Amino acid sequence: MATTPPPAPSPALAPRAEAPEVTGALTGALSACCGPLAREPLSVEDAERLATVLKAIAVPTRLRLLSMIYARDGGEACVCELTEPLGLTQPTVSHHLKVLVDAGLITREKRGVWAYYRPVPGTMATLAAMLTPAPAPVAFATAP
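In this report, the structure presented in the accompanying data block is examined. (Residues numbered from 1 in each chain as written. Predicted model: local features only at pLDDT ≥ 70, side-chain atom pairs only at ≥ 80, totals over all residues. Heavy atoms only, no water.)

Let us now look at the packing of aromatic side chains. Applying the stated rule across the entire model yields zero aromatic pairs. One Lys or Arg, Arg111, reaches over the ring of Tyr116 and ends 4.1 Å from the middle of that ring. (Phe/Tyr/Trp six-rings, centres within 6.5 Å; stacked < 30°, edge-to-face > 60°. Lys NZ or Arg CZ within 6 Å of the ring centre and 35° of its normal.)

This is the structure we're talking about:
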């Protein structure tokens, strides 16, 4: 049986907690690197942090959770709205969400008894940019 969340307060009226400073693996690994992996080798520490992020998204359930959160109107979802579509129990979904929070991909905001999750702005674009090879330099022909 699905649990229905309470109606969300109007964004204009609801006090919004500031997103906590993201200290997950993604922040350190991605902000430390200035471009695609092909540009320069990662340090051991950055490679370990990036591997944590990649492990977090290497699980199909977590990829689905990210997709569901990104696709929601308003860019956030309550944990109670994610259990039924996945066919998983609330504790299992919460575990997967915690892994994504710890990796720095999403944030968690507690409102009463409900936990709401939203993407950390720019992290997926930064991850995509890191994994995209640098474009090859364009050679121009010189006139004889």
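Moving on, we get to the sheet that holds strand β2 (residues 106-111). A sheet is described by the order of its strands in space; here three strands give the open sequence β1-β3-β2, paired in antiparallel fashion. Since the sheet does not close on itself, it has two edges, and those belong to β1 (77-78) and β2, each with one partner. Pairing of β1 with strand β3 (residues 114-119) involves two bridges; the strand directions are antiparallel. In the strand pairing of β3, Cys78 is matched with Tyr116. Relative to β2, helix α5 (residues 90-102) is tilted by about 120°, and along the sheet it contacts β2 and β3. (Pairing = 2+ DSSP bridges. Helix = DSSP H or I, 4+ residues; strand = E, 2+ residues; numbered from the N terminus. Contact = heavy atoms within 4.5 Å. Axes fitted to C-alpha atoms, helices over the stretch in contact; angles between N-to-C directions.)

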